[in-house]
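Descriptive analysis of the structure
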Amino acid sequence: MASEVLISISRDEVERARLMSEYKYVVDHQSKMVQAKREGEAIGENKIINMLKSGKSAEEIIKMYDAN
């Protein structure tokens, strides 16, 4: 009887560890995706600023981005 309870508890601990590992993976992945999005937005903003500084009009920039 006691050994059955111990085996059951051990399985629960293994399952809990597996679920925590899976949860950590998902959270890490989401964090990386958010960071990549922020970096992409920053790169895009810098490109637009540089285009404006080089004399391109807002309309030209919009056409360039709409083409992609």
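Each remark here, short or long, concerns the structure printed above.
In short, a report on the structure. Since we're looking at a predicted model, the values are computed, not measured.

**Things to note about the overall build of the protein**
Helices and strands together make up the secondary structure of the protein, namely two helices and zero strands. Looking at the 68 residues of the protein, the share that counts as buried comes to 4%. By element, 59% of the accessible surface of the protein is carried by carbon and sulfur atoms, the whole surface being about 6300 Å².

**A short note on the pattern of salt bridges**
Here the structure, examined in full by the defined rule, presents four salt bridges. Among the ionic pairs, E22 bridges to R18, the shortest N-O distance being 3.1 Å. Taken as a pair, E22 and R18 lie in helix α1 (residues 2-53) at a separation of four residues, close to a single helical turn. Linking K24 and D28 is a salt bridge whose minimum nitrogen-to-oxygen distance equals 2.8 Å. A residue pair is termed a helical-turn pair when its members lie 3 or 4 positions apart in one helix, as K24 and D28 do in helix α1 at four residues. K24 sits in the exposed class, given a relative accessible area of 51%. Among the charged side chains, a network of salt bridges with common partners joins E15, R18 and E22.

**Section: a nonpolar patch on the surface**
Together, I48, L52, M64 and Y65 line one region of the surface with nonpolar side chains, adding up to about 340 Å² of accessible area. Of all elements in the fold, only α1 and α2 (58-67) reach the threshold of two or more residues within the nonpolar patch.

**Quick word on the environment of Y65**
Along the polypeptide, Y65 turns up in helix α2. Along the chain, Y65 and I48 lie 17 residues apart, while their C-alpha atoms are 9.9 Å from each other. Beyond its immediate stretch of four places on either side in the chain, Y65 contacts G44, K47, I48 and M51.

Rules behind the numbers
Residues numbered from 1 in each chain as written. Predicted model: local features only at pLDDT ≥ 70, side-chain atom pairs only at ≥ 80, totals over all residues. Heavy atoms only, no water. Helix = DSSP H or I, 4+ residues; strand = E, 2+ residues; numbered from the N terminus. Buried < 20%, exposed > 50% of the residue type's maximum accessible area, 1.4 Å probe, protein only. Areas by Shrake-Rupley, 256 points an atom, 1.4 Å probe, with all protein chains shown as cover. Salt bridge = Lys/Arg side-chain N within 4 Å of Asp/Glu carboxyl O. Patch = residues over 30% accessible without salt bridge, like charges linked within 9 Å, V, L, I, M, F, W, Y side chains within 5 Å. Contact = heavy atoms within 4.5 Å.

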